[in-house]
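What follows is the residue order along each chain.
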Amino acid sequence: MLDLPDAQTGQSAPRPQPLTILLHKPSGVAYDEAGELLIAEHRSPTDRAGIALARAQLQKLPCITPLETGASGLLVFTQDPAIRRKLVLEAAYNEHELMIHVAGEVSPEQLRELLHPKMHVSISTHKEGLTGLRFAVKSYRAGDIANYCARAGLAVEAMKRLRIGRMPLAGLLPSQWRGLMGYERF
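Caption draft 1: View of the environment of Ser 139. When you line up the elements, Ser 139 lands in the loop between β7 (130–138) and α4 (144–151). Considered as a pair, Ser 139 and Leu 87 are 52 residues apart in the sequence and their alpha carbons are 9.2 Å apart. Apart from residues no more than four positions distant in its own chain, Ser 139 is found in contact with Ala 91, Ala 92, Asn 94, Lys 118 and Asp 144.

Okay, here's the thing in structure tokens:
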């Protein structure tokens, strides 16, 4: 932590650490509007990061892991240049795990059509006219999976990002957020 001189006293004051927040974005909320959920009422009761949110701080807190409006799941908001570099500039090395529910059965041919060098796909569940597909994707960009599914003739019914790198969504309900702990890494 850097010490900066206080303008009034001349004493050194610790510079605050860059802020990183994990949010469970609900379906139907655009990622660029999801920052409005970062209020005290939506803080997870299990959050141990001890972040005191200031409105000025939130205005400089961009979402660096967008999701489609119809998708739910993990979003990352950060001011930390190291985390931004890891998740944006080094995206080819970071795996995103998503659960996609598509209408009907998925044929072996359709599953083969989903194969891509940066993407692993497996069938996870079958129930009530839906097939759950687990995607593990590197270099994820919003809209990619929906486009691959459409090309394979699959209609996406629901999409949820469960993990980015080593950071899981686990423990956050829709609209809840928590601060990233100092020891946690993507």
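Caption draft 2: Inspection of the environment of Leu 53 at higher detail. Here Leu 53 lies in the loop between β3 (20–25) and α1 (55–59). By relative accessible area, Leu 53 is classed as partly exposed at 27%. C-alpha separation for the pair Leu 53 and Leu 38, spaced 15 residues apart in sequence, amounts to 8.4 Å. Setting aside residues up to four positions removed in sequence, Leu 53 forms contacts with Leu 19, Ile 21, Leu 38, Arg 43, Leu 58 and Trp 177.

Caption draft 3: Focus on the layout of surface pockets. Its boundaries defined by the atoms lining it, the largest pocket holds a volume of some 410 Å³. Here the lining of the largest pocket takes three residues from helix α2 (residues 81–89), the largest share from any one element. Classifying every residue of the lining of the largest pocket by side-chain character gives nine nonpolar, four polar and five charged.

Caption draft 4: The arrangement of the pairing of strand β4 (residues 72–78) in detail. Among the seven residues in β4, seven count as buried, and that is most of the element. The pairing of β3 with β4 spans six bridges and is classified as antiparallel. Note on β4: the bridge partner recorded for Thr 20 is Thr 78. In the sheet, β4 pairs with strand β8 (residues 156–164) via two bridges, with the strands oriented parallel. Of the residues in β8, the one forming a bridge with Ser 72 is Lys 160.

Caption draft 5: Summary view of the pattern of salt bridges. Enumeration over the complete set of coordinates arrives at seven salt bridges. Two residues, Asp 47 and Arg 43, come together in a salt bridge whose shortest N-O distance is 3.0 Å. Owing to a relative accessible area of 13%, Asp 47 belongs among the buried residues under this scheme. Here Glu 109 makes a salt bridge to Arg 112, at a shortest N to O gap of 3.7 Å. Remark: Arg 112 and Glu 109 occur in helix α3 (residues 108–113); sequence separation between them is three residues, near one turn of the helix. Classification of Glu 109 by relative accessible area gives partly exposed; the value is 45%.

Caption draft 6: Geometry of unusual backbone geometry. Residue Ser 139 is not a glycine yet carries a positive backbone phi of 60 degrees. Positive phi outside glycine occurs at Ser 175, with the angle close to 80 degrees. If you trace the backbone, Ser 175 turns up in the loop between β9 (167–168) and β10 (177–179).

Caption draft 7: Region of interest: α4. Buried within α4 are the following residues: Asp 144, Ile 145, Tyr 148 and Cys 149. Along the axis of α4, the buried positions cluster into a sector of 130 degrees, meaning they face one direction only. Exposed residues lying more than 90 degrees from the buried face of α4 are Ala 150 and Arg 151. Tucked into the core, α4 has its buried residues touching β5 (95–103), β6 (119–127), β7 and β8. Trailing α4 by a residue or two, Gly 153 shows a phi angle of about 80 degrees, which is positive.

Caption draft 8: Quick look at the environment of Lys 25. By secondary structure assignment, the location of Lys 25 is in strand β3. The sequence separation of Lys 25 and Met 181 amounts to 156 residues, and the corresponding C-alpha distance is 19 Å. In this structure Lys 25 touches Tyr 31, Ala 34, Leu 67, Glu 68, Thr 69, Ala 71, Ser 72, Gly 73 and Leu 75, once residues within four positions along its chain are discounted. There is a polar contact of 2.5 Å between the side chain of Lys 25 and the backbone oxygen of Ala 71.

Cut-offs and rules
Residues numbered from 1 in each chain as written. Predicted model: local features only at pLDDT ≥ 70, side-chain atom pairs only at ≥ 80, totals over all residues. Heavy atoms only, no water. Helix = DSSP H or I, 4+ residues; strand = E, 2+ residues; numbered from the N terminus. Contact = heavy atoms within 4.5 Å. Buried < 20%, exposed > 50% of the residue type's maximum accessible area, 1.4 Å probe, protein only. 1 Å grid on protein atoms, 1.4 Å probe; cavity = no way out; pocket = protein on both sides within 12 Å on 5 of 7 lines; lining within 4 Å. Points joined across faces, edges and corners; volume = space filled by probe spheres on them. Nonpolar A, V, L, I, M, F, W, Y, C, P; charged D, E, K, R; others polar. Pairing = 2+ DSSP bridges. Salt bridge = Lys/Arg side-chain N within 4 Å of Asp/Glu carboxyl O. Arc of directions from axis to C-beta. Polar contact = N/O pair within 3.5 Å; in protein donor to acceptor, adjacent residues only side chain to side chain.

Keep in mind these numbers describe shape, not what the thing actually does.
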